[in-house]
Amino acid sequence: MTVFSHREFDGHERVVFAQDAESGLKAILAVHNTNRGPALGGCRFWSYASDEEALTDVLRLSRGMTYKSALAGLPLGGGKSVVIGDARALRRDPARREALFRALGRAVEQLGGLYTAAEDVGTSVADLELVGRETRHVAGVAAGQVGDPSPYTAYGVFRGLQAAVKHRLGRDDLKGLSVAVQGLGHVGQGLCEQLSEAGAKLIVADLEEERVAETVRRFGARAADPETILASDCDVVAPCALGAVLNDDSIAALKATVVAGAANNQLAEPRHGEALRRKGVLYAPDYLINAGGIIVIAYEAGRRGPRFERAQAMAHIDRIYDTGLEIFARAEREGVATSTAADRLAEERFRRRDRAEAA
Ligand code: NAD
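Residues numbered from 1 in each chain as written. Predicted model: local features only at pLDDT ≥ 70, side-chain atom pairs only at ≥ 80, totals over all residues. Heavy atoms only, no water.

Caption draft 1: Highlighting the sheet that holds strand β1 (residues 14–20). With mixed pairing, five strands are arranged side by side in an open sheet as β1-β2-β4-β3-β5. Only two strands of the sheet have a single neighbouring strand rather than two, namely β1 and β5 (115–118). Each adjacent strand pair in this sheet contributes to an overall mean axis angle of 25°, direction not counted. Bridging between strand β3 (residues 39–46) and β5 involves four bridges; their strand directions are parallel. Looking at β5, one finds that Gly41 is bridged to Ala117. Those strands touched by helix α3 (residues 94–110) are β1, β2 (25–33), β3, β4 (77–84) and β5, and its axis lies near 30° from that of β2. (Pairing = 2+ DSSP bridges. Helix = DSSP H or I, 4+ residues; strand = E, 2+ residues; numbered from the N terminus. Axes fitted to C-alpha atoms, helices over the stretch in contact; angles between N-to-C directions. Contact = heavy atoms within 4.5 Å.)

What follows is the structure, given as structure tokens:
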């Protein structure tokens, strides 16, 4: 397995393989680009089927973080780490868990601040606290601060959805618009609350019946089948569950003219961005509108000032609306998919070694 010729390698600045015999740690830390500032990104704990699969994931995810932070206007680069292992087995062995996350902390520390680790799939605040015993380059663990970033993510998705409605439907408000929300988890619930307050009519689906029942009760939403909700007869669909939901079949079946949701990597393949454009559907790029969480973590990690100021972080998340309008206008001007316009804007921002611009 080589890194430089790997299909997901994209000029990553640093890729570190960390191993610790005592704790059994096997991790890969990847820093994609730090032109805008030090890299910030989650630490994922996953039982990868192979080392190759872990490498593919960390290269792809770290690159994604560069794009996300650049588009969010943060003075940060992109990085990510993955730990290969069985998270559930580790939970049953607290001593080994502590040894493992501390070993990971030492690996982060050796990068000297080039990469700051945060929570991700398979890791918890408690795990990150163990990492933090070995390095100060860890985010999202300070007591009494942000906590769960999901409400901030939900707010950013709401603002991105508003921008998409403004551009595609020419409307400043959401009154009476029907919005189909797939997935009523941490972000989906928060989004439903804001949409309901703004006067939208909700159609909702989740695999957990309890969550559906609660949303129906709280907001007078209409329940739909999780399999077919994206094909609902509505104005907007908001995928807030899984990735890769926008594929040939689901795009063909879409009746909504706006797609704006929280789920990561909604396009099954990059070409589906163009497929949406051709169909006349305005797609709000996922990594633009779900950046509320990373924005608030960046504020908390002290990247935007000495103290976490909620009002400042919220004002920053608000900018997702303007960036959305900028991307939609650019996509139209250049005759490209909104996903392509978003990538172009991000690349312009991080390919320059210009940190002043990032501030
Ligand atoms: P979550 O796990 O709390 O909620 C996901 C919900 O989707 C669950 O209720 C689950 O039952 C439901 N679900 C799963 N498969 C489904 C299906 N086929 N149809 C309908 N519902 C289904 O996750 P979350 O934190 O709310 O995140 C939602 C999405 O947003 C994820 O893709 C996540 O990666 C992305 N995201 C979240 C954040 C954040 O701050 N939480 C930030 C950026 C991106």
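Having put the structure on the table, let's press on.
Caption draft 2: A look at the sheet that holds strand β9 (residues 236–239). Taken together, six strands build an open sheet; the order of strands is β8-β7-β6-β9-β10-β11 and the sheet is parallel. Looking at the sheet topology across the chains shown, the edges are occupied by β8 (222–223) and β11 (282–283). Strand direction decides the pairing type here: strand β10 (residues 258–259) and β11, joined by two bridges, are parallel. When the sheet's bridge partners are listed, Val259 is paired in β11 with Tyr283.

Caption draft 3: A look at the pairing of strand β6 (residues 178–182). Taken across its five residues, β6 has five buried, putting it largely inside the fold. Burial along β6 is two-sided: Ser178, Ala180 and Gln182 facing one way and Val179 and Val181 facing the other are all buried. As judged from the five bridges shared by β6 and strand β7 (residues 201–205), these two strands associate in the parallel manner. In the sheet register, Ser178 faces β7, and the bridge partner there is Lys201. The parallel pair β6 and β7 is bridged by helix α6 (residues 186–197), and the resulting crossover is right-handed. When β6 meets β9, the two strands line up parallel, connected through four bridges. By the bridge assignment for β9, Ala180 is matched with Val237. (Buried < 20%, exposed > 50% of the residue type's maximum accessible area, 1.4 Å probe, protein only. Right-handed = clockwise from strand over helix to strand, strands pointing away.)

Caption draft 4: Seen up close, unusual backbone geometry. Positive phi, normally seen in glycine, also occurs at Ala244, with a value near 55°. As for its position among the elements, Ala244 is in the loop between β9 and α8 (248–253). Accessibility expressed as a relative area gives 41% for Ala244, which makes it partly exposed. Although it is not a glycine, Asn265 adopts a positive phi angle of roughly 50°. A residue is classified by how much of its surface remains accessible, and Asn265, at 45% relative accessible area, is partly exposed.

Caption draft 5: The arrangement of the environment of Asn33 in detail. The topology assignment puts Asn33 in strand β2. When near neighbours in sequence (up to four residues on either side) are disregarded, Asn33 contacts Glu13, Thr66, Gly77, Gly78 and Phe350. Here the side chain of Asn33 touches Asn35 through a polar contact of 2.8 Å, landing on its backbone nitrogen. (Polar contact = N/O pair within 3.5 Å; in protein donor to acceptor, adjacent residues only side chain to side chain.)

By themselves, these are just geometric observations and shouldn't be taken as functional.
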